[in-house]
Amino acid sequence: MIRHGLILILLIAASCTKNTDEAQTYPGREKIAVIKEQIIAFSDSINTLVKGSIEQESLIYTINDYSFHVTRYVRGSDVSLYIEHGYSASSGRVENRYYLKNGKVVLYSHHVNNPQSLVPYKLVREFYDAGELLLSDHKTAKTADELDSTAFVRRIARRTDRNTDIRTLNEAVYQRGAFNLSLEGITQYPGAKYLILSSNKVNSYRAALLIKKEDALIKSVIADPEKYRGRKVDLDWKLEEKNQALYVSGRLRH
């Protein structure tokens, strides 16, 4: 009987130790709620501070029916926010926001406006702490005003790490990796002319820049397109209000 009692005491002690360890590893609801509010307050402050931040823009890339560009906000030596502005005929307008703290994503938001859907507006949020997903919530609505007033509902998150997305967004801004495109040629329409960048890989990104003024590079490509096809180029460009990349100048990369 004493032996059985001793075993029972040891089992209870082990259970208590396990529960204590789990409590330290997995924060309780109250702690999660506090961290969530801290992250929301942090993201609100970032939204205010971006007005004084340096904006770094990517080209407008297209893959299949999806077009997007990336805005990167820098303050001092820190990147605080990435925004992916996207559009597709099937999914409508998409805005993905990545809020960073100490170089790690703490909040990811996915905002959709799809006029073709019965419920056009959708907003998803994911909260992270030390790289670990704490919780995810979402809400949907038929109008923008309704979305603002609708409460969030907890959801099961399918992703646990958004920091890998940051590498892709950086590559888009700096035209590296899959975004290191080559000169394809110049496409001309009545009243419009575009410089096209692409890759020879299947399902790869493309980029188009509106040409309003021809410089030496543009004139050379128009005169002999095959000579310049596949060449790497360094470009100066800017984004216009209509989400269109405007060609400013360019030169061949040696």
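Keep in mind that what you see is a predicted model, and the values were worked out from it rather than measured.

**Let's talk about the environment of valine 124**
Topologically, valine 124 is positioned in strand E7 (residues 121-129). The spacing of valine 124 and histidine 110 is 14 residues in sequence and 5.0 Å in space, taken between C-alpha atoms. Leave out the neighbours within four places in its chain, and valine 124 touches Tyr108, Ser109, His110, Ser136, Asp137, His138 and Arg155.

**Remarks on the side chain of threonine 71**
Within the secondary structure, threonine 71 is located in strand E3 (residues 66-75). The exposure class assigned to threonine 71 is buried, which follows from its relative accessible area of 2%. When near neighbours in sequence (up to four residues on either side) are disregarded, threonine 71 contacts Glu55, Gln56, Glu57, Leu81, Tyr82, Ile83 and His85.

**Observations regarding the pairing of E3**
In terms of burial, E3 is largely enclosed, as 8 of its 10 residues are buried. Both strand E2 (residues 61-63) and E3 contribute to a ladder of 3 bridges, which runs antiparallel. Bridge pairing in E3 places tyrosine 61 opposite phenylalanine 68. A loop of 2 residues connects E2 with E3, the two strands running antiparallel in sequence, and asparagine 64 in this loop sits at a positive phi of about 55°. In the sheet, E3 pairs with strand E4 (residues 78-88) via 10 bridges, with the strands oriented antiparallel. Bridge assignment links threonine 71 to a residue of E4, and that residue is isoleucine 83. Linking two consecutive strands that pair antiparallel, namely E3 and E4, is a turn of 2 residues; a positive phi of about 65° is found at glycine 76 within it.

**Considering the packing of aromatic side chains**
Any aromatic ring pair is given by two values, namely how distant the centres are and how the planes are angled relative to each other. Scanning the model with the defined rule gives 9 aromatic pairs in all. Ring centres 6.2 Å apart and planes at 70° place the aromatic pair tyrosine 61 and tyrosine 205 in the edge-to-face group. Residue tyrosine 61 is located in strand E2, and its partner tyrosine 205 is located in the loop between strand E11 (192-198) and strand E12 (206-210); the two are separated by 144 residues in the primary sequence. We note that tyrosine 61, like tyrosine 205, is buried. Each ring, one from phenylalanine 68 and one from tyrosine 205, has its centre 6.0 Å from the other, and the planes form 70°; the classification is edge-to-face. Here phenylalanine 68 is found in strand E3, whereas its partner tyrosine 205 is found in the loop between E11 and E12, with 137 residues between them in sequence. Assigned by exposure class, phenylalanine 68 and tyrosine 205 land together as buried. Here a set of aromatic residues connected by ring pairs shows up, and it is made of Tyr61, Tyr66, Phe68, Phe179 and Tyr205. When the ring centre of phenylalanine 42 is taken as origin, the NZ or CZ atom of lysine 101, which lies over that ring, is 5.3 Å away. We note arginine 162 situated over the ring of tyrosine 108; from NZ or CZ to the ring centre the distance is 3.8 Å.

**Overview of the pattern of salt bridges**
Summed over the entire model, instances satisfying the criterion amount to 11 salt bridges. Between arginine 206 and glutamate 184 there is a salt bridge whose closest N-O contact spans 2.9 Å. Taken together, the residues span a long stretch of sequence, with arginine 206 in strand E12 and glutamate 184 in strand E10 (residues 182-189) at a distance of 22 residues. Of the residues examined, arginine 206 reaches a relative accessible area of 38% and is grouped as partly exposed. Glutamate 184 sits in the partly exposed class, given a relative accessible area of 25%. Among the ionic pairs, lysine 212 bridges to glutamate 240, the shortest N-O distance being 3.0 Å. Here glutamate 240 lies in strand E13 (residues 233-240) and lysine 212 lies in the loop between E12 and helix H5 (216-223), a separation of 28 residues in the sequence. You can call lysine 212 exposed: its relative accessible area is 58%.

Cut-offs applied
- Once a new chain begins, its residue numbering starts again from 1 and follows that chain's sequence as written.
- At least 70 in pLDDT is required for a residue's local features to be given in this predicted model, at least 80 for side-chain atom pairs to be given and counted, and no such filter applies to totals for whole chains, interfaces and linings, which use all residues.
- As a rule here, side-chain values cover all heavy atoms of the structure and leave hydrogens and water aside.
- In this description a helix means any DSSP run of H or I spanning at least four residues, a strand means any run of E spanning at least two, and both kinds are numbered starting from the N terminus.
- Every residue pair with non-hydrogen atoms within 4.5 Å of one another is taken to be in contact.
- In this scheme, a residue with accessible area under 20% of its type's maximum is buried, one over 50% is exposed, and one in between is partly exposed, where area comes from a 1.4 Å probe on protein chains only.
- The criterion for strand pairing is that DSSP finds at least two bridges linking the strands in question.
- Two rings from Phe, Tyr or Trp (for Trp, the six-membered ring) form a pair when their centres sit within 6.5 Å of each other. Planes less than 30 degrees apart are called stacked, planes more than 60 degrees apart edge-to-face, and all others tilted.
- Criterion for a charge above a ring: Lys NZ or Arg CZ within 6 Å of the ring centre, and within 35 degrees of the ring normal.
- The working definition used for a salt bridge is a side-chain nitrogen of Lys or Arg within 4 Å of a carboxyl oxygen of Asp or Glu.

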